[in-house]
Amino acid sequence: MSDAATASSSHPADHKPAEPSSVKDTVMSLLIAFTIALIFRGVVLEPFQIPTGSMAPTLLGAHVRLYDKETGYSWPMSPSKFVDPGMQIATPVQPVTEAREPNTDRLLPSFNSAASSGDRIFVLKYMYPFGTPQRWDIVVFRTPTSPQEYYIKRLVGLENEELAIVDGDVFTRPFKSDRNETAEQCWQSPEWKIARKPMRVQNAVWQLVFDSTYTPLNPTRDGRKWFASPWIPSTAGWKDQETPVYTYSGTGATSLSWDTVNRPITDLNHYNDTPQLNYAGRASRPVYPCSDLKVSFGYRPTASTTGAVGATIRVNGHAFRARIEADGKATIGMRAAGDEAWATLATASIGGSLPNDAVTNVDFRHVDQSLQLLVNERMVCEAGYDWTPGQRASFATGKPLSAVLSLMVLPPPLSVPSMYTSPEVSIDLPGACELHRVSLARDLFYQPVAHMLPPRAGGPARGTHPSSLQVQRENQFFFLGDNSPASLDGRLWGESDPWVQTLINPGDGIVARDLIVGKAFCVFFPAMSRQWGRVPVPDLGQLRWIW
């Protein structure tokens with residue numbers, strides 16, 4: 001018998017029953033637990049609920065979840081009726097009058113729908129006092145124009161740097177206090193570098209333009225075709241383009257080109273399809289051509305071919321393409337308008353030819369002045385190219401830099417959508433094949449709209465012109481919303497609150513480090529919707545990390 005067993009049996013008197021806790025002990029325990037919870041909430045982690053759609057569809061405030069039974073596609077839309085004049089509290093039942101189904105661009109019949117509440121998120125508060133904010137973090141902070149209010153935006157401008165917003169993208173260079181340059185010299189400086197998103201962030205912010213997966217079950221109604229695929233074939237031999245799988249039975253090379261006349265590729269966000277935002281009517285808010293695009297498709301050859309399969313994106317006066325040859329060699333390259341030869345930027349091998357007994361997923365991206373080719377979700381080729389903000393503005397508009405930077409007339413030329421050239425996309429195929437899951441998506445686009453508030457009213461928004469160059473000094477940061485058309489952010493804020501000017505003095509449009517609450521890192525309780533009548537139910541499928 002062990003010593004422990006002997007001791008246990010020899011001294012039963014040592015094991016007395018526990019005495020019941022006193023009221024005092026219970027109260028003390030509750031106070032300690034409550035104090036720890038308060039400290040944890042105040043120092044480490046704090047929950048917030050998102051009220052508005054300035055970060056939609058990445059993060060959702062109050063919204064209406066729409067579903068089209070014709071296509072099976074579901075998407076969120078901003079509320080149109082609110083209890084309060086500040087448009088913070090949506091009424092429980094929402095009229096839906098101007099919504100368009102994103103894939104077909106079909107105007108839905110008017111109906112009423114239940115409103116869903118905003119996402120609930122956790123914010124990590126301890127991170128920034130002991131670390132450095134990173135570009136592309138989603139951050140909660142006190143807004144400098146009204147420090148009693150909390151905003152949530154994406155951090156795009158770091159301390160001690162200058163920032164420019166051109167053609168929807170962000171450029172930065174180190175801050176210098178002694179610069180002496182003209183507007184053209186400013187944006188032509190070789191110090192500028194484009195700010196590229198990490199892959200996790202990029203994958204989180206792609207916004208769908210079209211996906212053949214959601215092709216309507218019945219494209220014909222009352223004997224008339226009401227839906228036609230936005231992909232236009234270059235040759236005969238195509239069929240089933242009104243089904244999720246496209247089939248080409250011809251013998252020669254062919255291509256599908258996006259219908260840019262009827263479906264222009266823009267920064268349109270269907271979350272904003274409400275009379276208040278007046279976005280479905282395209283009347284009050286500008287819609288800009290978007291040049292950062294992703295074209296994806298599943299490819300299965302149905303006959304032997306010797307040519308290459310790939311995709312071409314034509315934007316900013318250049319063509320960018322990806323090719324996979326019959327032997328598995330992959331290349332990505334670019335060519336300026338008028339040039340005959342392609343400049344090869346990267347080559348690789350996918351490890352063999354494309355099989356005819358399986359579907360190969362091809363994904364070609366032109367984003368943040370870089371090209372990426374993924375095959376079956378594996379990065380095969382990747383390369384970047386460097387343009388200054390001046391080059392990007394000139395290529396995007398097809399006009400000399402001096403013309404697009406002129407402020408002799410208002411609004412500023414770069415704030416006018418018609419100044420920009422339209423993007424074109426094609427899928428290039430060597431012969432008979434099937435295409436599955438044909439889709440097109442676009443990147444975030446930060447709009448260069450004219451400023452709306454005095455004293456800058458009518459002039460360029462911050463960062464969108466050398467005359468309004470955005471500058472962050474030590475402990476100063478710049479934030480933008482993912483839903484740029486409906487986001488009041490650093491581009492467009494008015495003057496800072498007097499308290500902020502006196503005690504922190506960061507300058508207008510800037511968020512000082514002292515105003516930052518923390519980094520949003522997960523949606524712990526997704527938006528509530530009302531099911532089975534009036535019962536609120538969380539969409540647990542939307543639990544996610546925030547990138």
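Residues numbered from 1 in each chain as written. Predicted model: local features only at pLDDT ≥ 70, side-chain atom pairs only at ≥ 80, totals over all residues. Heavy atoms only, no water.

Engineer: Could you give an account of the sheet that holds strand β11 (residues 161-166), naming the residues involved and the relevant values?
Structural biologist: By definition, the strands of a sheet pair up through backbone hydrogen bonds, in either a parallel or an antiparallel sense. Spatially, the four strands line up as an open sheet ordered β13-β12-β11-β31, and their pairing is antiparallel. Looking at strand neighbours, the two that pair on one side only are β13 (193-194) and β31 (470-472), the edges of this open sheet. Set on the sheet, helix α6 (residues 389-397) makes contact with β11, β12 (169-174) and β13; between it and β11 the angle comes to about 5 degrees. (Pairing = 2+ DSSP bridges. Helix = DSSP H or I, 4+ residues; strand = E, 2+ residues; numbered from the N terminus. Contact = heavy atoms within 4.5 Å. Axes fitted to C-alpha atoms, helices over the stretch in contact; angles between N-to-C directions.)

Engineer: Give me the lowdown on α6, citing residues and values where you can.
Structural biologist: Every buried residue belonging to α6 is among Pro389, Gly390, Arg392, Ala393, Ala396 and Thr397, and all of these are buried. In a view along the axis of α6, the buried residues occupy a sector of 165 degrees, so they form one face of it. Elements in contact with the buried residues of α6: β11, β12, α4 (183-188), β13 and α7 (401-404). Once α6 finishes, Gly398 follows within two positions and takes phi at roughly 70 degrees, a positive value. (Buried < 20%, exposed > 50% of the residue type's maximum accessible area, 1.4 Å probe, protein only. Arc of directions from axis to C-beta.)

Engineer: Now, about the sheet that holds strand β25 (residues 343-349): what can you tell me, with residues and values included?
Structural biologist: If you trace the seven strands from one edge of the open sheet to the other, you get β17-β20-β29-β22-β23-β24-β25, paired in antiparallel fashion. Looking at strand neighbours, the two that pair on one side only are β17 (231-233) and β25, the edges of this open sheet. Direction aside, neighbouring strands of the sheet carry axes that sit 15 degrees apart on average. By the bridge criterion, six bridges tie strand β24 (residues 329-336) to β25 in an arrangement that is antiparallel.

Engineer: Hey, could you go over the environment of Arg456 for me, with residue numbers and the actual values?
Structural biologist: Mapping Arg456 onto the fold places it in the loop between β30 (433-442) and β31. With relative accessibility at 34%, the residue Arg456 sits in the partly exposed group. Discounting chain neighbours no more than four positions away, the residues touching Arg456 are His451, Arg462 and Ser468.

Engineer: Give a detailed account of the packing of aromatic side chains, specifying residues and quantitative values.
Structural biologist: A full pass over the atoms with the stated rule returns 19 aromatic pairs. For the ring pair Tyr73 and Trp75, a centre distance of 5.8 Å and an interplane angle of 15 degrees mean the geometry is stacked. Both residues of the pair, Tyr73 and Trp75, count as buried. Taking 6.4 Å as the distance between ring centres and 15 degrees as the angle between the ring planes, the aromatic pair formed by Phe122 and Phe521 counts as stacked. With Phe122 in strand β8 (residues 120-124) and Phe521 in strand β34 (residues 516-525), this residue pair connects regions lying 399 residues apart in the sequence. On the accessibility criterion, Phe122 (23% relative accessible area) is partly exposed. Given the relative accessible area of 23%, Phe521 is considered partly exposed. (Phe/Tyr/Trp six-rings, centres within 6.5 Å; stacked < 30°, edge-to-face > 60°.)

Engineer: Residue-level account of empty space enclosed by the protein, with values.
Structural biologist: One water molecule sets the probe size; rolling that probe over the atoms shows where empty space is left. Scanning all chains against the criterion turns up one cavity of 30 Å³ or more. For the largest cavity, the calculated volume is near 60 Å³. Forming the walls of the largest cavity are Asp167, Pro289, Cys290, Ser291, Val315, Asn316, Ala396, Tyr420, Thr421, Ser422 and Pro423. A per-class count over the lining of the largest cavity returns six nonpolar, four polar and one charged. (1 Å grid on protein atoms, 1.4 Å probe; cavity = no way out; pocket = protein on both sides within 12 Å on 5 of 7 lines; lining within 4 Å. Points joined across faces, edges and corners; volume = space filled by probe spheres on them. Nonpolar A, V, L, I, M, F, W, Y, C, P; charged D, E, K, R; others polar.)

Engineer: Would you mind going over the environment of Tyr271 in detail, with residue names and values included?
Structural biologist: Within the secondary structure, Tyr271 is located in the loop between β20 (254-258) and β21 (293-301). Expressed as a C-alpha distance, the spacing of Tyr271 and His63, which sit 208 residues apart in the sequence, is 8.5 Å. In this structure Tyr271 touches Gly53, Ala56, Leu60, Gly61, Ala62, His63, Pro76, Met77, Ser78, Pro79 and Asn483, once residues within four positions along its chain are discounted.

Engineer: Account for the pattern of salt bridges, naming residues and giving values.
Structural biologist: Under the criterion given, the structure shown has 22 salt bridges. The salt bridge involving Glu242 is made with Lys225; its shortest N-O contact spans 3.6 Å. With Glu242 in the loop between β18 (238-239) and β19 (245-248) and Lys225 in strand β16 (residues 224-225), this residue pair connects regions lying 17 residues apart in the sequence. For Asp292, the salt bridge goes to Arg392, with nearest N and O atoms at 3.8 Å. Linking Asp292 in the loop between β20 and β21 with Arg392 in helix α6, this pair joins segments that are 100 residues apart in sequence. With a relative accessible area of 3%, Asp292 lands in the buried category. A relative accessible area of 0% means that Arg392 is categorised as buried. (Salt bridge = Lys/Arg side-chain N within 4 Å of Asp/Glu carboxyl O.)

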